[in-house]
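Fold and geometry: a report
Chain by chain, the residues:
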Amino acid sequence: MTDDAEDKNADEQDREQGPEEEQDQGQEQRLLALEKQRERYVWYYLAYFLFGIHLVAFVMIYAVKHAK
């Protein structure tokens, strides 16, 4: 009889924690998605920065080589 009571208590606790765990998982999924999006933006900014540096360098090389 004690085992049945313990099983029922465990089931009740699982039901009580179920929505909270689902909410935690949902929040964790949203945070991971946001982190992934921000990481992608960092890579975009890095790519634009490096492209800009190379563009300025090529213009400066052109200016030096064609200066009189």
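Here, every reference points to the structure presented above.
Below you will find a few notes about this structure. Quick caveat: nothing in here was measured; it's all calculated off a predicted structure.

**Focus: the overall build of the chain**
In terms of helices and strands, the chain carries one helix and zero strands. Here the chain holds 68 residues, and the buried ones make up 1% of them.

**With respect to the packing of aromatic side chains**
Pairs of aromatic rings are described using the distance from one ring centre to the other and the angle between the two planes. One pass over the structure, following the stated rule, counts one aromatic pair. Relative to Tyr-44, the ring of Tyr-41 has its centre 6.5 Å away and its plane inclined at 55°; by these criteria the two rings are tilted. Linking Tyr-41 with Tyr-44, this pair stays in helix α1 (residues 2-65), spanning three residues, or about one helical turn. Among the residues examined, Tyr-41 registers a relative accessible area of 39% and is labelled partly exposed.

**Concerning a negative patch on the surface**
Residues Glu-20, Glu-21, Glu-22, Asp-24 and Glu-28 make up a contiguous surface patch of negative charge. Mapped onto the elements of the fold, Asp-24 is located in helix α1. On the basis of relative accessibility, which here comes to 46%, the residue Asp-24 falls in the partly exposed class.

Reading the values: rules and limits
Residues numbered from 1 in each chain as written. Predicted model: local features only at pLDDT ≥ 70, side-chain atom pairs only at ≥ 80, totals over all residues. Heavy atoms only, no water. Helix = DSSP H or I, 4+ residues; strand = E, 2+ residues; numbered from the N terminus. Buried < 20%, exposed > 50% of the residue type's maximum accessible area, 1.4 Å probe, protein only. Phe/Tyr/Trp six-rings, centres within 6.5 Å; stacked < 30°, edge-to-face > 60°. Patch = residues over 30% accessible without salt bridge, like charges linked within 9 Å, V, L, I, M, F, W, Y side chains within 5 Å. Areas by Shrake-Rupley, 256 points an atom, 1.4 Å probe, with all protein chains shown as cover. Salt bridge = Lys/Arg side-chain N within 4 Å of Asp/Glu carboxyl O. Lys, Arg positive; Asp, Glu negative; His and termini not counted. Charge placed at Lys NZ, Arg CZ, Asp CG, Glu CD.

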